[in-house]
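# Descriptive analysis of the structure
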Amino acid sequence: MDFIVESLRTAFALILSFDGEVFNTVGTSLTISSVAIVIATLISVPIGIVIALNQFTGKTFCLTILNTLMALPTVVVGLVVYGFLSRQGPLGQFGLLFTPGAMIIGQVILATPIVTNYTLAAVVGSDPRILPTAQTLGAGPLTGIMVLIKEIRFGIMAALIAGFGRIVAEVGVAMMLGGNIRGYTRTMTTAIALETSKGEFAFGLALGLILLGVALAINIFLNFLQQRSR
Amino acid sequence: MSELYRLEQIRYRYANERRLALDIDTLSIDAGHLYSLHGANGSGKSTLLNCLALLLPPQSGALYFGQRRVQRGWFSLPRLRRQITLVHQSPYMFDGRVSDNLRMALRLKGVCSNQAQQAIDDALDNVGLKDFHQRNARELSGGEQKRVALARALALKPKVLLLDEPTANMDKYSVERLEQLIYTLPEQGITVIIASHDLAQAQRLNSRIIEIQHGQIIADGDIPIKEHCYA
């Protein structure tokens, strides 16, 4: 128990002293995951809305695939993208492997099914009168969708948070596509794995606490937005 | 007297339903008049209103609006719809205050924000909700929400106003006030079509009554009355 308490003390000391190594890692994590979630949102929200609002052959199959992709193992994504980006791979010429760009690609692939599914659920669960009301008030096809997005914004925000939570906490993609390069592609999760294996438990714990803090901060922010809108 | 709508051989059937929800051979609606669609629950009144609002494309037949045949199209339909506003039986209130609801509608129609405030004030005043600007629209009673929806529609100054059971769940005073307002709308050039099962209301409004049953028009014309109330 002393080991845990001592490690926690050291972890808090590292956080409160604004340790450069810790905050550099946190910054890399947040930057890469933020860019990835923005790209994933731009892809997923329109797809989710289109699938939710339209009836087409194979919709059930499409939903099954989307649900399956939500549980996509991160190492599998890492492996497949690695194959594409490695020097012998079809995209090897771009030299993206072991760069933040490669990690963003992998995280976008991980987040897209989650954000799509959550958006889809938000649209399906929304009031069916939203679109007809917007249309009868003069909305065109795109403005009608914008009204719908505004009305289900909290559902979409939940989608973003779920997606962000998934990618900021994953290890497989970050490790395989980023290579865990210090100060460049080292994220909170890969650093936790590395430092713990090196016996630097307190350092890993500090990053773990920050990771939890990030999740808490995002949820507090969402609650704040929800309260403010009421 | 100019013809606003003409319906020819209009048929509509909902998915998984055996009988037709709409089965209209011909129907003509003139501009600048007040019409009442009268019929029992499930007779097809709301379906016809949705069809007239260009929200529900008929599965067969031809619908003419302003002498032009309505074609399904991504950009042509919204342009036509901007002349028509439908107030649903149970209207949807956008998230926010009452004034936000009206502002949203005006923004959708492309009314600039300078003109919007005056239009919002006038519309809310018309429906007797002058002091409701700051109230949360979703916290209002059903009757008040209907009046907000009517104000939202009136603020847009539509050519056609379609009202689905506009006075259901309203107190007597509000009904009277709204009927008086509706009665004056054709004078402002607005064609009003009301779906209602209240024949007495149709008569009070001196409207042309279209009787609908099982999706079919069974009577189309004035029902003789002694004297209407709001003359």
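Looking now at the sheet that holds strand E3 (residues 34–38) of chain B. Residue and element names in this part refer to chain B. A sheet is described by the order of its strands in space; here 6 strands give the open sequence E6-E7-E8-E3-E9-E10, paired in mixed fashion. The outermost strands of the open sheet, each flanked by one partner alone, are strand E6 (84–87) and strand E10 (216–221). Strand-to-strand twist of the sheet, defined as the mean angle between neighbouring strand axes without regard to direction, takes the value 15°. As paired elements, strand E9 (residues 208–213) and E10 share 5 bridges and run antiparallel to each other. Counterpart to isoleucine 210 in the pairing with E10 is aspartate 220.

Of all hydrophobic cores here, the largest spans 106 residues; its most connected members are A:Ala111, B:Ala123, B:Ala151, B:Ala155, B:Leu162 and B:Val192. Of the residues forming this core, the biggest block, 14 residues, is contributed by helix H5 (residues 100–124) of chain A. Setting aside anything within four residues of it in sequence, one finds B:Ala123 in contact with B:Leu102, B:Ala151, B:Leu154 and B:Ala155. Formed by 13 residues, the second largest nonpolar core is a distinct cluster that contains A:Leu14, A:Val26, A:Ala191 and A:Ala206.

Bringing the pairing of strand E4 (residues 60–65) of chain B into the picture now. All names here are of chain B. Judged from the 5 bridges that link them, strand E1 (residues 3–12) and E4 form a sheet pairing that is antiparallel. Note on E4: the bridge partner recorded for glutamate 8 is alanine 62. Taken together, the 2 bridges between E4 and strand E5 (residues 68–69) define a ladder with antiparallel strand orientation. Residue phenylalanine 65 lies in a different strand from E5, and its bridge partner there is arginine 68. Where E4 hands over to E5, the hairpin turn is made up of 2 residues, of which glycine 66 adopts a positive phi near 60°.

Rules used throughout
Residues numbered from 1 in each chain as written. Chains lettered and ligands numbered in written order. Predicted model: local features only at pLDDT ≥ 70, side-chain atom pairs only at ≥ 80, totals over all residues. Pairing = 2+ DSSP bridges. Helix = DSSP H or I, 4+ residues; strand = E, 2+ residues; numbered from the N terminus. Axes fitted to C-alpha atoms, helices over the stretch in contact; angles between N-to-C directions. Core = buried A, V, L, I, M, F, W, Y, C linked by C-beta atoms within 7 Å. Buried ≥ 20, exposed ≤ 12 C-beta atoms within 10 Å, placed from the backbone. Contact = placed C-beta atoms within 7 Å.

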